[in-house]
Amino acid sequence: MTDALVLIDPAASTVEVADLGAPQLPVTDLSAHRGDGIFETVLVRIGDEVTVVSRNRHFERFCASASALGLPEPEPELWDRGLDTVIAEVRAADPNLTEVGVRYALSRGAQNPDGSQTPRGWAFNVPVDEKITHARAEGISAVSLDRGYDAYLGTKAPWLLIGAKTLSYAVNQAAGRYAATQGADEALFVSHDGVVLEGPTSNLIIRRGDRLLTPNPEAGLLSGTTQRLIFDHAAELGFSTEYADLGLNDVITADGAWYVSSMRTAVTLNEVDGNPITRDEELTAQLQSLIKAG
Ligand code: PLP
């Protein structure tokens with residue numbers, strides 16, 4: 001698959017195709033050494049038509065993240081153009097492509113000598129790789145890890161940016177590596193006071209009979225586009241939906257549990273801390289189809 005990059009200039013409202021292999025970002029860019037920026041990763045399905053799954057849900061969250069960080073409000077037409085240009089580039093290079101991710105980001109940019117900043121954006125394609133397809137088919141294991149703050153702290157501490165999708169993912173990456181040292185595929189973050197939150201890059205949904213439950217975003221996690229897509233359509237599958245404070249035992253004793261995110265879609269959570277969880281193959285297939293339909 002060809003790599004495609006577009007540079008998005010919010011001030012000039014321009015989208016320019018660039019070389020992903022060439023240097024593009026000055027080291028003084030605040031995203032590079034402060035993680036000071038925001039991003040989204042969308043799943044694109046390519047069939048007779050092109051479907052950007054949850055396109056609007058992603059863009060709305062992008063705008064909410066920009067607002068939380070005090071970045072200029074992203075212009076919908078500009079970012080749509082950036083996304084569509086990446087999709088057109090990868091399709092032109094590989095007409096048989098059926099699925100691809102596109103990551104778009106807005107950085108605060110470099111600090112100018114007069115103290116002003118020049119935000120810059122970009123978008124590029126990311127593959128649906130073997131790790132993702134394997135997780136979709138087989139599910140994953142997780143180990144619970146303390147997120148280090150109490151549930152609902154974000155409402156009192158907006159500077160923590162809990163719930164914004166920032167480019168500061170070093171902790172999330174470290175949690176994934178730590179989980180691997182424990183023999184697990186993923187981390188499951190739990191608040192310091194015992195409320196289950198999310199994975200480092202996915203939300204958790206559990207089934208109890210005909211109810212689907214997910215942790216309350218206000219408890220201190222990123223409100224997921226995939227989780228909301230599922231909840232918006234759950235009634236069509238015969239399920240009611242609830243935001244709830246869940247403990248680890250609720251997850252372990254559930255009638256099914258899933259990690260849901262844009263690229264993974266819905267993958268079964270097979271065990272937590274070595275405790276097996278019931279696998280619901282039928283609902284897994286239904287959720288994956290629902291998400292891919294966008
Ligand atoms: N939680 C975190 C911390 C994430 O980074 C992500 C996505 O990357 C998610 C949840 C799932 O969000 P979405 O379904 O919008 O991909």
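Residues numbered from 1 in each chain as written. Predicted model: local features only at pLDDT ≥ 70, side-chain atom pairs only at ≥ 80, totals over all residues. Heavy atoms only, no water.

**Things to note about the overall build of the protein chain**
Right, on to step 1. From N to C terminus, the protein chain includes eight helices and 15 strands.
Right, on to step 2. For the protein chain, the C-alpha radius of gyration of 19 Å lies close to 19 Å, the compact-globule estimate for 294 residues.
Right, on to step 3. Expressed along its principal axes, the backbone C-alpha trace of the protein chain runs to roughly 55 × 45 × 35 Å.
Right, on to step 4. A buried classification covers 48% of the 294 residues belonging to the protein chain.
Right, on to step 5. In the protein chain, the share of contacts with a sequence separation of at least 24, taken over all contacts with a separation of at least 6, comes to 71%. (Helix = DSSP H or I, 4+ residues; strand = E, 2+ residues; numbered from the N terminus. Rg over C-alpha atoms; globule rule 2.2 N^0.38 Å. Buried < 20%, exposed > 50% of the residue type's maximum accessible area, 1.4 Å probe, protein only. Contact = heavy atoms within 4.5 Å.)

**Here we look at the pattern of salt bridges**
Two side chains with opposite charge may pair up if their charged atoms get near one another.
Right, on to step 1. This model, assessed by the stated rule, comprises 14 salt bridges.
Right, on to step 2. We note a salt bridge from R108 to D36, for which the minimum N-O separation is 2.6 Å. Within this pair, whereas R108 is found in strand β5 (residues 99-111), its partner D36 is found in the loop between α1 (30-34) and β3 (37-46), the two being separated by 72 residues in sequence.
Right, on to step 3. A residue is classified by how much of its surface remains accessible, and R108, at 13% relative accessible area, is buried.
Right, on to step 4. Residues joined in a network through salt bridges with shared partners are R45, E99 and R136. (Salt bridge = Lys/Arg side-chain N within 4 Å of Asp/Glu carboxyl O.)

**Remarks on the domain arrangement of the protein chain**
Many structure descriptions define interface size as the accessible area lost when the parts assemble.
Right, on to step 1. Taken domain by domain, the protein chain consists of domain 1 (5-128) and domain 2 (133-293).
Right, on to step 2. A straight line from the C-alpha centre of domain 1 to that of domain 2 covers 25 Å.
Right, on to step 3. Each partner contributes to the interface: domain 1 provides 27 residues, whereas domain 2 provides 22 residues.
Right, on to step 4. When the two sides are added together, the surface that domain 1 and domain 2 hide from each other amounts to roughly 1,900 Å², 63% of it contributed by carbon and sulfur.
Right, on to step 5. On the domain 1 side of the interface with domain 2, the three residues burying the most area are F39, R57 and R61, jointly 35% of the side's total.
Right, on to step 6. Remark: the boundary between domain 1 and domain 2 carries two salt bridges.
Right, on to step 7. Inspection of the domain 1/domain 2 interface yields ten residue pairs in polar contact (both at pLDDT 80 or more).
Right, on to step 8. Secondary-structure elements contributing two or more residues to the side of domain 1 that touches domain 2 are α1, β3, α2 (55-69) and β5.
Right, on to step 9. A total of eight residues in the side of domain 1 that touches domain 2 trace back to one element, the largest contributor, which is β3.
Right, on to step 10. Across the side of domain 1 that touches domain 2, the residue classes break down as twelve nonpolar, nine polar and six charged. (Domains from an automatic or database assignment. Buried area = accessible area lost by both parts, 1.4 Å probe. Polar contact = N/O pair within 3.5 Å; in protein donor to acceptor, adjacent residues only side chain to side chain. Nonpolar A, V, L, I, M, F, W, Y, C, P; charged D, E, K, R; others polar.)

**Thoughts on the packing of helix α6 (residues 225-233) against helix α8 (residues 281-293)**
The relative placement of two packed helices is expressed as an angle between their axes plus a distance between the axes.
Right, on to step 1. At a minimum axis distance of 10 Å, the contact between α6 and α8 shows a crossing angle of 105°. By the criterion of interaxial angle, the relationship of α6 to α8 is roughly perpendicular. Within the contact between the two elements, α6 uses T226, L229, I230 and H233 and α8 uses L287, L290 and I291.
Right, on to step 2. Of the residues contributing to the contact of α6 with α8, the split by class is five nonpolar, two polar and no charged. (Axes fitted to C-alpha atoms, helices over the stretch in contact; angles between N-to-C directions. Parallel < 35°, antiparallel > 145°, perpendicular 65-115°, else oblique.)

**Let's talk about the site of the ligand**
Right, on to step 1. Neighbouring the ligand are 16 residues, the closest being Y169, E198, T225, T226 and S262.
Right, on to step 2. Y169 is positioned such that a nitrogen or oxygen atom in its side chain is 2.5 Å from an oxygen atom of the ligand.
Right, on to step 3. Between E198 and the ligand, the recorded distance is 2.7 Å, taken from a side-chain N or O atom to a nitrogen atom.
Right, on to step 4. For the ligand, whose free accessible area comes to 390 Å², the fraction covered by protein is 94%.
Right, on to step 5. Listed by contribution, the elements that provide at least two residues to the shell around the ligand are α2 and α6.
Right, on to step 6. The class makeup of the residues in the shell around the ligand is three nonpolar, ten polar and three charged. (Near = heavy atom within 4 Å. Areas by Shrake-Rupley, 256 points an atom, 1.4 Å probe, with all protein chains shown as cover.)

**A short note on the nonpolar core**
Right, on to step 1. Core analysis: the biggest nonpolar cluster contains 28 residues, and L212 and I230 have the highest contact counts within it.
Right, on to step 2. Secondary structure elements with two or more residues in this core: β3, β6 (117-126), α6, β13 (256-261) and α8.
Right, on to step 3. If you tally residues by element for this core, the top one is α8, at four residues.
Right, on to step 4. When residues of this core are assigned to domains, at least three map to each of domain 1 (5-128) and domain 2 (133-293).
Right, on to step 5. Dropping the residues within four chain positions of it, I230 is found in contact with I205, L212, V260, L287, L290 and I291.
Right, on to step 6. Counting residues in each nonpolar core, the second largest holds 27 residues, with V6, L71, V100 and A164 among its members. (Core = buried A, V, L, I, M, F, W, Y, C linked by side-chain atoms within 4.5 Å.)

**Remarks on the sheet that holds β6**
Right, on to step 1. Read from one edge to the other, the open sheet built from six strands follows the order β2-β1-β6-β5-β3-β4, with strand pairing classed as antiparallel. In this open sheet, the two strands that pair with only one neighbour each are β2 (14-18) and β4 (50-52). If you compare each strand with its neighbour and ignore which way they point, the axes differ by 25° on average.
Right, on to step 2. Bridge count for β5 against β6 is nine bridges, and the pairing is antiparallel. Opposite R103, over in β6, you have F124 as the bridge partner. (Pairing = 2+ DSSP bridges.)

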